[in-house]
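# Inside the fold
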Amino acid sequence: MPKPKNEFHYLSLQLMEVKLQDLEDFRKEVASFSPQTTDELEAFRIRFLGSKGLVKSLFTAMRNVPKEEKRIFGKKLNEFKAFAEKSYEEAREQLSETEKEEEGFADLTLPAEEQPLGSLHPIHIIRKEIIHIFEKIGFSIAEGPEMEDDWHNFTALNLPSDHPARDMQDTFYLSKNPDTVLRTHTSSVQVRVMEQGHLPIRIICPGRVYRNETISARAHCFFHQVEGLYIDDRVSFADLKQTLYFFVREMFGGDTGIRFRPSYFPFTEPSAEMDISCLICGGKGCTVCKHTGWVEILGCGMVHPNVLENCHIDSEEYTGFAFGMGIERIAMLKYQINDLRLFSENDIRFLKQFTGAG
Ligand code: 2U9
């Protein structure tokens, strides 16, 4: 303590001594301050920094400190004030960080976690490719219901009532209504378009179809088709062949061999099946083509006059061709997939292989 000049001065110095001691105690209190709630933080602010707080009252008390010692006391007090303010700000920031974390606050400026790229499903990739090819030559897309009535799925398509396709073994009948089936082909969509009566018709019908089959590597209870239909005056089998030549060139490349074999379908006459040279062995013979060098990819034919008439189209004036293919079959050939079940199991190891394709 500085040497006192008189009694009053002595008391003032004593007072300053007390206040400096207080200041040291307050400094310890501030240093150990760690509020858990905003209420505690506010109580701290009021106690130390408020308009009636300790810092303010110490500045008031400084009036009684002798002039010479004011400088020492004022310096100490200013240091303490700065320390209390800094502690308050730090505690406030810390508390607001904790609250944000507890509220699940997301810092949008942080770099994003790396996400693995998704992929298109191979069925979707092939479907897109087929659609794109036929769109180039003027076909548009038509879609329709997966639950169909007997007329659109069977009768209009010249399928006699005793045809095996109508059997419970092959078709899913919807129990509540015996007239309703899960469509067995997308030909039903084409019947609906024909019934609308806007000619000419040049459509492709992609979609899911259902068959009552036991699931195995080679059969499934649902799969996907693209069917095509072109009706106008003077449409010929030559038009059908040229259209399918174009499709094969675009889909499998210009070197692919093509052949037609006569076949039978109730809805087309004449009917044919189309093979392409085996993509795996190039026609030399392998297990995929069963050593024939050829693989079947679709069925086709001229629309049966009965089907035209059933849809109120004059079969004397109009002719048409139709074709149908299974998307899974094309995908299996293109990607060398040997089990139909892979398409519907959604095994990520299978799907990942198509990242970046399509
Ligand atoms: C109408 C008239 C005729 C569509 C055709 C085929 C031949 C055919 C199969 C290929 C593999 C079905 O997915 S698959 O199992 N389809 O062989 N489909 S002609 O004929 C039609 C379609 C609509 C009005």
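Residues numbered from 1 in each chain as written. Predicted model: local features only at pLDDT ≥ 70, side-chain atom pairs only at ≥ 80, totals over all residues. Heavy atoms only, no water.

## Observations concerning the overall build of the protein chain
Within the protein chain, the regular secondary structure consists of 12 helices and 9 strands. With the C-alpha coordinates aligned to their principal axes, the bounding extent of the protein chain is approximately 135 × 50 × 40 Å. Here the protein chain holds 358 residues, and the buried ones make up 40% of them. Considering only residue pairs separated by 6 or more positions, the protein chain has 65% of its internal contacts joining residues 24 or more positions apart. For the protein chain, the accessible area works out to roughly 20800 Å², and carbon and sulfur atoms hold 51% of it. Placing the 42 positive and 55 negative side-chain charges of the protein chain at their respective mean positions leaves the two points 12 Å apart. (Helix = DSSP H or I, 4+ residues; strand = E, 2+ residues; numbered from the N terminus. Buried < 20%, exposed > 50% of the residue type's maximum accessible area, 1.4 Å probe, protein only. Contact = heavy atoms within 4.5 Å. Areas by Shrake-Rupley, 256 points an atom, 1.4 Å probe, with all protein chains shown as cover. Lys, Arg positive; Asp, Glu negative; His and termini not counted. Charge placed at Lys NZ, Arg CZ, Asp CG, Glu CD.)

## Re the pairing of strand S9 (residues 319-326)
By the criterion of burial, S9 is predominantly enclosed, with 7 of the 8 residues buried. When strand S5 (residues 222-232) meets S9, the two strands line up antiparallel, connected through 8 bridges. Bridge pairing links Tyr230 to Phe321 in S9. (Pairing = 2+ DSSP bridges.)

## Focus: the nonpolar core
Membership of the largest hydrophobic core comes to 45 residues, with the highest contact counts inside it found for Ile130, Phe247, Ile297, Phe323 and Met325. In this view, Ile130 contacts Val226, Phe247, Met251, Met325 and Ile327; residues no more than four positions away in its chain are not counted. Within the second largest apolar cluster, 22 residues are counted, among which are Val189, Val191, Cys205 and Cys311. (Core = buried A, V, L, I, M, F, W, Y, C linked by side-chain atoms within 4.5 Å.)

## Comments concerning the packing of aromatic side chains
Two aromatic rings, taken as a pair, are described by how far apart their centres are and by the angle between their planes. Scanning the model with the defined rule gives 20 aromatic pairs in all. Note on Tyr335 and Phe354: the rings are 5.0 Å apart at their centroids and 70° apart in plane angle, and the pair reads as edge-to-face. With Tyr335 in helix H10 (residues 327-335) and Phe354 in the segment after helix H12 (348-351), the pair connects residues that are 19 residues apart, well separated along the chain. By relative accessible area, Phe354 is classed as buried at 6%. Among the aromatic residues, those joined into a ring-pair cluster are Phe134, Phe139, Tyr230, Phe247, Phe252, Phe321 and Phe323. Sitting over the face of the ring of Phe83, Arg27 holds its NZ or CZ atom 4.6 Å from the ring centroid. (Phe/Tyr/Trp six-rings, centres within 6.5 Å; stacked < 30°, edge-to-face > 60°. Lys NZ or Arg CZ within 6 Å of the ring centre and 35° of its normal.)

## Quick look at the sheet that holds S5
Spatial strand order, S1-S4-S5-S9-S8-S7-S6: 7 strands in an open sheet with mixed pairing. Single-partner strands in this sheet number two, and they are strand S1 (140-141) and strand S6 (258-265). Against the sheet, helix H8 (residues 237-252) contacts S6, strand S7 (268-277), strand S8 (294-303) and S9, and its axis sits at roughly 145° relative to S8. Contacting S5, S8 and S9, H10 crosses the sheet at an angle of about 55° to S9. (Axes fitted to C-alpha atoms, helices over the stretch in contact; angles between N-to-C directions.)

## A look at helix H7 (residues 187-196)
Among the 10 residues of H7, 7 are classified as buried, and the element is accordingly described as predominantly covered. Every buried residue of H7 is listed here: Ser187, Ser188, Val189, Gln190, Val191, Val193 and Met194. Looking one or two places after H7, you find Gly197, whose phi comes out positive at around 80°.

## Details of the site of the ligand
As a matter of local geometry, the ligand sits amid 18 residues, with Gln225, Phe265, Gly299, Ala322 and Gly324 nearest to it. Gln225 is positioned such that a nitrogen or oxygen atom in its side chain is 2.8 Å from an oxygen atom of the ligand. Taking 560 Å² as the accessible area of the ligand by itself, protein coverage stands at 88%. Every element with two or more residues in the shell around the ligand is listed here: H7, S5, S8 and S9. (Near = heavy atom within 4 Å. Polar contact = N/O pair within 3.5 Å; in protein donor to acceptor, adjacent residues only side chain to side chain.)

## Considerations on unusual backbone geometry
Between Leu199 and the following residue, Pro200, the backbone shows a cis peptide bond with an omega angle of -5°. Here Pro200 lies in the loop between H7 and strand S4 (201-210). Note that the residue after Glu269, namely Pro270, is joined by a cis bond; omega there is -5°. The residue Pro270 is located in strand S7 in this model. Even without being glycine, Asn158 reaches a positive phi, approximately 65°.

## Considering the pattern of salt bridges
A side chain of one charge can pair with a side chain of the opposite charge when the charged atoms of the two come close. What the rule picks out here adds up to 19 salt bridges. For Arg127, the salt bridge identified is with Glu143, shortest N-O distance 3.5 Å. Within this pair, whereas Arg127 is found in helix H5 (residues 122-136), its partner Glu143 is found in the loop between S1 and strand S2 (147-149), the two being separated by 16 residues in sequence. What makes Arg127 partly exposed here is its relative accessible area of 24%. Exposure remark for Glu143: the relative accessible area of 58% places this residue in the exposed category. Members of the salt-bridge network, linked through shared partners, are Arg259, Arg261, Glu273, Asp275 and Glu296. (Salt bridge = Lys/Arg side-chain N within 4 Å of Asp/Glu carboxyl O.)

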